[in-house]
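Fold and geometry: a report
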Amino acid sequence: MDQPCILITGAGQRIGLAAAKHFIAQGFKVIASFRTHRPAIDELESQGVFCLKADFSTDEGIASFISEVESLNPPLRAIIHNASDWNAEKNTDQPAELMNEMMQVHAKAPYLINLGLSSKLDRTGKASVDIIHMTDYVVQKGSHKHLAYAASKAALDNLTLSFAQQLAPDVKVNSIAPALIMFNEWDDDNYKKKALAKSLLEVAPGAEEVVKAISYLLESNYMTGQTLRLDGGRALK
């Protein structure tokens with residue numbers, strides 16, 4: 001791989017999938033991780049995306065993923081941490097395990113990947129290079145239903161500040177904190193109505209809104225250690 005390459009974790013569906021399709025269409029090489037094989041992975045591969053099955057739930061899985069990426073020796077233009085897990089305290093009687101699971105995927109995996117692959121970020125060209133963390137609206141508010149999830153995303157938000165300091169001035173490190181972006185196919189009309197009413201703009205903008213935010217951060221030459229809050233004015237409601 002000698003073309004500028006964008007690494008996207010969790011690209012098998014939703015936001016990660018949209019980002020992978022966007023950047024391959026823009027002429028970048030794309031490396032995409034996925035946890036569960038879906039038809040979308042075959043579609044990405046047919047478009048030239050290099051897809052790696054990865055399990056970030058264990059340290060060994062993270063280390064294996066880093067080694068696989070290193071073996072490709074890509075000149076990385078950006079690392080986009082989109083891989084995520086979602087669980088609530090009401091679904092388990094093992095809260096300690098839940099906290100470990102959330103921290104593993106949302107904080108430890110990006111931490112280790114950044115440390116392991118920062119040397120692959122291509123600092124030789126004129127274009128800036130980037131790390132982008134996908135956090136969540138709950139970072140600034142908390143969540144009484146998803147305590148461990150919210151705490152783990154807050155940890156990732158803090159890592160944004162630390163890596164921005166460590167990797168400056170060659171690498172920009174920022175976060176994107178979305179609220180409601182898109183619905184699941186099983187969400188009913190009553191749920192959708194309540195969810196939309198939580199923000200001032202009352203829309204679910206879709207994954208492309210996040211892709212726009214990613215593109216903005218990649219194109220900026222003067223933003224690091226910051227968070228773009230895609231919440232439709234929810235914080236003001």
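In case you missed it, the structure is sitting above this.
Described below are features of the structure shown in this document. (Residues numbered from 1 in each chain as written. Predicted model: local features only at pLDDT ≥ 70, side-chain atom pairs only at ≥ 80, totals over all residues. Heavy atoms only, no water.)

Let us look at the packing of aromatic side chains. In the structure shown here, the tally under the stated rule is 5 aromatic pairs. Taking the centre distance of 5.9 Å and the plane angle of 80° together, the rings of phenylalanine 23 and phenylalanine 28 count as edge-to-face. What makes phenylalanine 23 buried here is its relative accessible area of 3%. Aromatic pair tyrosine 111 and phenylalanine 163: ring centres 6.3 Å apart, planes at 50°, arrangement tilted. Here tyrosine 111 is found in helix 4 (residues 95-117), whereas its partner phenylalanine 163 is found in helix 6 (residues 147-167), with 52 residues between them in sequence. Using a relative accessible area of 38% as the deciding quantity, one classes tyrosine 111 as partly exposed. Residue phenylalanine 163 is classed as buried on the basis of its relative accessible area, which comes to 4%. (Phe/Tyr/Trp six-rings, centres within 6.5 Å; stacked < 30°, edge-to-face > 60°. Buried < 20%, exposed > 50% of the residue type's maximum accessible area, 1.4 Å probe, protein only. Helix = DSSP H or I, 4+ residues; strand = E, 2+ residues; numbered from the N terminus.)

Inspection of the secondary structure assignment puts lysine 237 in the segment after strand 7 (227-230). Overall, the relative accessible area of 55% leaves lysine 237 in the exposed class. Sequence separation of lysine 237 and histidine 133 is 104 residues, and the distance between their C-alpha atoms is 25 Å. Apart from residues no more than four positions distant in its own chain, lysine 237 is found in contact with Ala197, Lys198, Ser199, Leu200 and Glu202. (Contact = heavy atoms within 4.5 Å.)

With that settled, the discussion passes to the sheet that holds strand 1 (residues 5-8). Taken together, the 7 strands give an open sheet; going across it, the order is 3-2-1-4-5-6-7, and neighbouring strands pair in parallel fashion. The open sheet is flanked by strand 3 (50-53) and strand 7, the only strands paired with a single partner. Between one strand and the next, the sheet's axes are offset by a mean angle of 15°, whatever the strand orientation. Sheet analysis places strand 1 next to strand 4 (residues 76-81), joined by 4 bridges and oriented parallel. From the neighbouring strand, leucine 7 faces strand 4, where its bridge partner is isoleucine 79. Of the strands in this sheet, strand 1, strand 2 (29-34) and strand 4 touch helix 1 (residues 14-25), which is tilted by about 175° from strand 1. The sheet contacts of helix 4 involve strand 1, strand 4 and strand 5 (129-134), and relative to strand 4 the element is tilted by about 170°. (Pairing = 2+ DSSP bridges. Axes fitted to C-alpha atoms, helices over the stretch in contact; angles between N-to-C directions.)

With that out of the way, let us pick up helix 1. In this model helix 1 runs 17 Å from its N-terminal to its C-terminal C-alpha over 12 residues, within 8% of the 16 Å that 1.5 Å per residue would give. Contacts from the buried residues of helix 1 go to strand 1, strand 2, helix 2 (39-46), strand 4 and helix 8 (207-219). Where helix 1 ends, the next residue or the one after it, glycine 27, has phi of about 95°, a positive value. (Expected span 1.5 Å × (residues − 1).)

Our focus in this paragraph is unusual backbone geometry. The peptide bond linking alanine 168 to proline 169 adopts the cis configuration, its omega dihedral lying at 0°. Examined against the element boundaries, proline 169 turns out to sit in the loop between helix 6 and strand 6 (171-178). Even without being glycine, arginine 14 reaches a positive phi, approximately 55°. Assessed through its relative accessible area of 33%, arginine 14 is described here as partly exposed.

As a further point, take the pattern of salt bridges. Taken as a whole and judged by the stated rule, the model has 8 salt bridges. Two residues, aspartate 130 and arginine 77, come together in a salt bridge whose shortest N-O distance is 2.7 Å. Highlighted residues: aspartate 130 in strand 5 and arginine 77 in strand 4, separated in sequence by 53 residues. Accessibility classification places aspartate 130 together with arginine 77 in one group, the buried group. Close ionic contact of lysine 212 with glutamate 209 constitutes a salt bridge, the shortest N to O distance being 3.9 Å. Placement of the pair is lysine 212 and glutamate 209 together in helix 8, with a separation of 3 residues, close to one helical turn. (Salt bridge = Lys/Arg side-chain N within 4 Å of Asp/Glu carboxyl O.)

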